[in-house]
Structures are given as C-alpha cells and as structure tokens.
Amino acid sequence: MPKPRNAKVESASQRLKLGARRAPYFTRLAPGIALGYRRNKGAGTWVVRSNDGHGAEWTKRIAIADDLEPAAPPLVLTFYQAQEVARQLARGHGQDALVDDSRPETVDEALTSYENDLKARGANVYNARAPRHHLTRVLLDKPVQLLTSKELEAWRNSLIDKVEPATINRMLKSLRTALKQAAHRDPRIQNQGAWKTGIKDLPDALNDRNVILTDDEVRALIAGAYAQDAALGLLADVLALTGARPSQAARLVVADLILSDPLRPRLMMPRSAKGGGVNRIERKSQRVPVPITPQLAQKLKAAAAGRAPNAPLLLRGSGFSWGKRPHRYYSDDIGAVVKAIGLDADEVTIYALRHSSIARQLLRSVPIRIIAGTHDTSVPIIERHYSRYITDHSDDLSRAALLHHEPQAGDNVWMQPAS
C-alpha cells in the first residue's frame, strides 16, 4: 500500500517555505489517524492526531522534524518515519482488533498516576515527585511507549556528577515503578526493556550514607541536641536508643510508652511499612516493642504528663507534632549540633543514630534477626549494608573455633613416644 503523500510537508525544503503557525498541517494516514506538522520559528515538530472511537480526539507531539538536521530516530524524524511512529502510537503496533484508542500516556502522566497510587496506599508521594526535578521536559512529554534505552541511559549518566549515587538509584527505582505501572495499564506499551536496561541502578551506591558514630560521639550529639532544645534532645534520645527512623518516632503516641515494669520499660514503635506492596496502611498501624532505658522512660513520662493516650508522644519545642516529614523542623538544628561537636554536617545526619544503633548491637552479639525486628528492617538489608560490622563480630566467634594442630608459643614441646 503506498504511503500517504503531502507535497507541502514531505520534504524539509518545502516545509521551510511554510509560515510559522500554531495549527499543524495534517496528513490523513488512515481512518481516525492523521500526522501533523507544526511549523515553528526553528525546526518544526511532528504530532499525531487520533480519535478515541467515542467522538473525541487526542493530539500528541511525537518528534522533531528533520528541518535543520539529519534524521536521528527517535528524536528527529523524516515525514515517512513520523508516519510509522504515528501509526504505532494510535494503533499499538498495528494490532487494530485489540487496540485501546485512548491517548498514549506520557512519562509525566505515568508519574502522576504513580503518585496517586502512592496516596491511595498511604505511601510517601515524594517517591513519585523526586524524578520530576531531574527529568528533562522532552522526556516528561514523551509517550512511554516511545522511550529508548539509549536516551534513558544518557539521562541517568548525566546525573552522576550532580546527585549522590544512592539518591540516583532511589529515583531510578521510582521511575521504573511508574513506567511499569503504565505498561500494565496500556497493552500497547511493549518497550519495557528500554527502562530495564537504560535506567539500571548504579553499582556500588549502597553504603554511602551509613555513617557510624562511636558511642562517645552519639552521647555528644544527644547532649548537644538537649542543649539546643529540650524537645530536639528528646527526639534524638529516642532515635539513638531505639534506632528508629525519625518518621516512625514522630508517630509515637502517649499510649506507646509502656511502664508496667519500671526496670524494663519499652516503646511500642510504629512500623514504617517501607517497601510498598499490599496492606501498607495495615502494616503502618502495627507496633513493635523496643526496649529503652529507665532514664529515657522517665523523661518521656514527664513530657507526656497530662496528655491523652492518643496524643503524640514527642512534640516540637513549639508544642506541635513533628508531622509526617519531621526533617523539615530539625535539619538545621541537627546540622548546628553536629558542627558544634566537631563532626562534618555534610556527612553526619540524624540517620547516623539509626546506623550506629544497628552497628552497636551487631558488635554486642545481638542476633541479627532480633536487630532486624526491633529496627523494622530485614536480615538481608542488614547483611547488605552493615557487612563490615558483621565480619568484625564474626572474627571473634570464628577464631574461637580454630583448630590448633601445632604447638603454640609457650606450650610444652611435644614428647616423642618412648622407643
């Protein structure tokens, strides 16, 4: 079947003679499908127009026209290359009988859908918003089914000198999830390999933030926080002794302080339900018993005096809750405390209290499974992020089981059997 022709737009020389205008010059490709050329001051752009089968139409930009530079798919296309892409978007690789004629979803729209999904599951919407700050407008506006591994890899690599590797990996994970969900919604999206290979995680980016403090440094940080503000000090005290995440501690209520045994007080720490999946809201409502010292228990009892059982246990100095994102209120103050005790505020954050708690318990021979339970994490995560401390601890255990089959210094010399 001959391809549709349009003398005005099929060659670059003819297109450049057209006057710039907002309305595209359309060429009919098939019933309900048209390719448009929008003449701009610079290079023009190709757009596809299709109907949804219910009387409505959608239009989507698909590429730059080869007006001023040679064709370089998928970003710069000739008239005939643009025809193929237009059909692909409208028909889903030509499978007319199975096609859903709804408008192709862009990366921007995929991230919006992912954000709405996170809201519905009670998860942190920041995971969906973070990639937007670094994605180019071209990538955000691009239909998901036209993404290529080459352009995604180039974008990922452009971040290496601007963003920490661990942050890049977290962002890539969110973007992959958004694109995967888009593919589940639209059977026309068949290029999952583009983001599986193009935005793979960067290697060796796991341990960059696991700052471990000595016990004396932890004590100094807690003391400095109390000196800065009593409410900040109490928060730091709880985080240091429990190893909880700040967002977990902020959700503690008065009833979570258990003082039935004065010598064995504990906190019923809310779970974070990290990792997504099903039953997230239900898991966030669950509590895990975590031991604390009698001294901290008395401070918490005094701070909670006169408040209802369902009231927040930890409050800011202003008397308000720390909220869902407590870092907004403590970041500057903790930075000042870290500097005051002689540590690097660019390296040491309040999360160092959590990392230090896990490392301390590993070195005190607490079983990893118990550490994982009280810190609301998993054994594989601890083994992955804190392997050096596991090795330090296992050295003493392994050394005690060594077979000494030769005399050691100071031992009696072996006696030869009598002849």
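Residues numbered from 1 in each chain as written. Predicted model: local features only at pLDDT ≥ 70, side-chain atom pairs only at ≥ 80, totals over all residues. Heavy atoms only, no water.

Undergrad: Even after reading the chapter, I still don't get the packing of aromatic side chains, so can you show me in this structure?
TA: Describing an aromatic ring pair means giving the distance of the ring centres and the angle of the ring planes. With the rule as written, the count across this model stands at 4 aromatic pairs. Relative to phenylalanine 79, the ring of tryptophan 46 has its centre 5.9 Å away and its plane inclined at 45°; by these criteria the two rings are tilted. One end of the pair, tryptophan 46, is in strand S3 (residues 45–51); the other, phenylalanine 79, is in helix H2 (residues 79–91), and 33 residues separate them in sequence. Comparing tryptophan 46 with phenylalanine 79, the two get one shared label, buried. (Phe/Tyr/Trp six-rings, centres within 6.5 Å; stacked < 30°, edge-to-face > 60°. Helix = DSSP H or I, 4+ residues; strand = E, 2+ residues; numbered from the N terminus. Buried < 20%, exposed > 50% of the residue type's maximum accessible area, 1.4 Å probe, protein only.)

Undergrad: Please explain the environment of leucine 147 as it appears in this structure.
TA: Of note, leucine 147 is situated in the loop between helix H5 (137–141) and helix H6 (149–158). Judged by relative accessible area, leucine 147 falls into the buried class, the value being 4%. Along the chain, leucine 147 and valine 107 lie 40 residues apart, while their C-alpha atoms are 8.9 Å from each other. Residues within four places of leucine 147 in sequence aside, it is in contact with Val107, Leu139, Lys142, Leu152, Leu179, Asn191 and Ala194. (Contact = heavy atoms within 4.5 Å.)

Undergrad: Would you explain the sheet that holds strand S8 (residues 287–291) in this entry?
TA: Either a parallel or an antiparallel arrangement is found when strands of a sheet pair, and the pairing is made through backbone hydrogen bonds. Pairing is antiparallel across the open sheet formed by 3 strands, whose spatial order is S6-S7-S8. The two strands at the open ends of the sheet, each matched to only one other strand, are strand S6 (257–258) and S8. Examined bridge by bridge, strand S7 (residues 266–270) and S8 share 5 bridges and lie antiparallel to one another. Looking at the pairing, methionine 269 lines up with valine 288 of S8. (Pairing = 2+ DSSP bridges.)

Undergrad: Which parts of the structure should I look at to understand helix H13 (residues 294–304)?
TA: Because each turn of an α-helix spans 3.6 residues, side chains separated by three or four positions end up pointing in the same direction. Those residues of H13 that fall on the buried side of the exposure criterion are Leu296, Ala297, Leu300 and Ala304. The buried residues of H13 occupy an angular sector of 100° when projected down its axis, which confines them to one face. Facing away from the buried surface of H13 by more than 90 degrees, the exposed residues are Gln295 and Ala302. Each element contacted by the buried residues of H13 is listed here: helix H10 (230–242), S6 and S7. Once H13 ends, the next one or two residues include glycine 306, with phi positive near 80°. (Arc of directions from axis to C-beta.)

Undergrad: Would you mind going over the environment of leucine 234 with me for this structure?
TA: Here leucine 234 shows up in helix H10. Since its relative accessible area comes to 10%, leucine 234 is described here as buried. Between the alpha carbons of leucine 234 and alanine 223 there is a distance of 9.9 Å; along the sequence they are 11 residues apart. Apart from the residues lying within four places of it in its own chain, the contact partners of leucine 234 are Tyr226, Leu296, Lys299, Leu300, Ala303 and Leu314.

Undergrad: Would you mind going over the packing of H10 against helix H15 (residues 352–363) with me for this structure?
TA: The axes of two packed helices give the description: the angle between them and the distance between them. At a minimum axis separation of 7 Å, H10 and H15 run at an interaxial angle of 30°. Judged on the interaxial angle alone, H15 and H10 are roughly parallel. Both H10 and H15 take part in a crossing whose hand is right-handed. Between H10, through Ala236, Leu239, Ala240 and Thr242, and H15, the contact on the second element is made entirely by Leu353, Ser357 and Arg360. Taken together, the residues of the contact of H10 with H15 sort by class into 4 nonpolar, 2 polar and 1 charged. (Axes fitted to C-alpha atoms, helices over the stretch in contact; angles between N-to-C directions. Parallel < 35°, antiparallel > 145°, perpendicular 65-115°, else oblique. Left-handed = near helix turned anticlockwise from the far one by under 90°. Nonpolar A, V, L, I, M, F, W, Y, C, P; charged D, E, K, R; others polar.)

Undergrad: Mind showing me how you'd approach the packing of helix H9 (residues 215–228) against H10 here?
TA: Closest axis-to-axis distance for the H9/H10 pair is 5 Å, and the angle between their directions is 155°. Of the possible angle classes, the one that applies to H9 and H10 is roughly antiparallel. Considering the relative orientation of H9 and H10, their crossing is left-handed. Residues Val218, Ile222, Ala225, Tyr226 and Gln228 of H9 touch H10, and the partners they reach there are Ala230, Leu232, Gly233, Leu234, Ala236, Asp237 and Ala240. Taken together, the residues of the contact of H9 with H10 sort by class into 9 nonpolar, 2 polar and 1 charged.

Undergrad: For this particular structure, what's the right way to read the nonpolar core?
TA: What tends to happen in soluble globular proteins is that the nonpolar side chains get buried as a cluster. In this structure, Leu267, Leu300 and Leu314 are the most contacted members of the largest nonpolar core, which totals 40 residues. Counting residues per element, the ones that place at least two in this core are H9, H10, S7, H13, helix H14 (327–340) and H15. Of the residues forming this core, the biggest block, 7 residues, is contributed by H10. With sequence-adjacent residues up to four places away left out, leucine 267 is seen in contact with Val238, Thr242, Leu252, Asp256, Leu257, Val288, Pro289, Val290, Ile292, Leu300 and Leu313. One finds Leu118, Leu179, Ala182 and Trp195 within the second-largest nonpolar core, a separate group that totals 30 residues. (Core = buried A, V, L, I, M, F, W, Y, C linked by side-chain atoms within 4.5 Å.)

Undergrad: Explain the pattern of salt bridges to me, please; I cannot follow it from the model alone.
TA: Close approach of charged atoms allows side chains of opposite charge to pair. Under the definition given, this model contains 19 salt bridges. Between arginine 129 and glutamate 115 there is a salt bridge; the shortest N-O distance is 2.9 Å. A residue pair is termed long-range when its members are at least 10 positions apart, and arginine 129 in helix H4 (residues 126–129) and glutamate 115 in helix H3 (residues 107–120) qualify at 14 residues. The residue aspartate 237 makes a salt bridge to lysine 299 at a minimum N-O spacing of 3.4 Å. Of this pair, aspartate 237 sits in helix H10 while lysine 299 is found in helix H13, placing the two residues 62 residues apart along the sequence. Residue lysine 299 is classed as partly exposed on the basis of its relative accessible area of 39%. Each of Asp108, Arg132, Arg137 and Asp141 takes part in one network of salt bridges that share partners. (Salt bridge = Lys/Arg side-chain N within 4 Å of Asp/Glu carboxyl O.)

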